[in-house]
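# Geometric and topological summary
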Amino acid sequence: MLELKDPVIDYVEFEKQAEKLESIDASNVDRAMQIEWLYTGDLFGDKAYVWATFETERYARLYASFSVKLAAALISLRDMNAASKLLLKLNERYPFDESVVRLLMTIRNQTGDKKGLTVLYTGYARLLSRELGIRPSEELTQLYEMLVSRFDRK
């Protein structure tokens, strides 16, 4: 019989720690990064158990929400590299999530990457059009236009 003394269950520990950390700033960003690393992917990996669908999605949503907060904090602390890595990982999983695209656009702007900004926005707009038959929100379009006009004034 297998006996484990004080086992650590990564997804349970992730949930517990993520919910404890109400806000992320310079004083706790390193701790938040450690918490993010606890999430190792979907519950049960690539095995899809019907009875676990709700929990799998709940943990994935918690991870996405936590990661967006962490990325926003990293951007405010000017750690664009770490924020970008985190957001690109989220964007791969949730390509329709506008909040992720918005933060990636912010990074492109702050790093002076006009071409990357344009590629990101136009790629997102094409994806929405092709897959859902819609356009980006008015707010995102206005943000894009404002950021591009700033580049043009420089």
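Keep in mind that this is a model prediction, so the values were computed, not measured.

### Remarks on the nonpolar core
- Judged by nonpolar contacts, the single largest core of 44 residues is most densely connected at Phe 14, Ile 24, Phe 66, Leu 70, Leu 74, Leu 87 and Met 105.
- Put simply, the parts of the chain that give this core at least two residues each are α1 (10-20), α2 (29-38), α3 (53-76), α4 (80-93), α5 (98-110), α6 (114-132) and α7 (138-153).
- In terms of residue count, α3 provides more of this core than any other element does, 12 residues in total.

### What about the packing of α6 against α7?
- Taken N-terminus to C-terminus, the directions of α6 and α7 make an angle of 160 degrees; their axes are 11 Å apart at the nearest point. Taken together, the axes of α6 and α7 lie roughly antiparallel to each other. Here α6 and α7 pass one another in a crossing that is left-handed. Contacts between α6 and α7 involve Lys 114, Leu 117, Thr 118, Tyr 121 and Tyr 124 from the former and Leu 140, Thr 141, Tyr 144, Leu 147, Val 148, Phe 151 and Asp 152 from the latter.
- Class assignment of the residues belonging to the contact of α6 with α7 gives a composition of eight nonpolar, two polar and two charged.

### A closer look at the confidence of the model for the protein chain
- Here the protein chain averages 89 in pLDDT, while 86% of its residues score no lower than 70.
- When pLDDT is averaged over each helix and strand of the protein chain, the minimum, 84, is found for α1 and the maximum, 98, for α6.

Calculation criteria
- Residues numbered from 1 in each chain as written.
- Predicted model: local features only at pLDDT ≥ 70, side-chain atom pairs only at ≥ 80, totals over all residues.
- Heavy atoms only, no water.
- Core = buried A, V, L, I, M, F, W, Y, C linked by side-chain atoms within 4.5 Å.
- Buried < 20%, exposed > 50% of the residue type's maximum accessible area, 1.4 Å probe, protein only.
- Helix = DSSP H or I, 4+ residues; strand = E, 2+ residues; numbered from the N terminus.
- Axes fitted to C-alpha atoms, helices over the stretch in contact; angles between N-to-C directions.
- Parallel < 35°, antiparallel > 145°, perpendicular 65-115°, else oblique.
- Left-handed = near helix turned anticlockwise from the far one by under 90°.
- Contact = heavy atoms within 4.5 Å.
- Nonpolar A, V, L, I, M, F, W, Y, C, P; charged D, E, K, R; others polar.
- pLDDT = per-residue confidence, 0-100.

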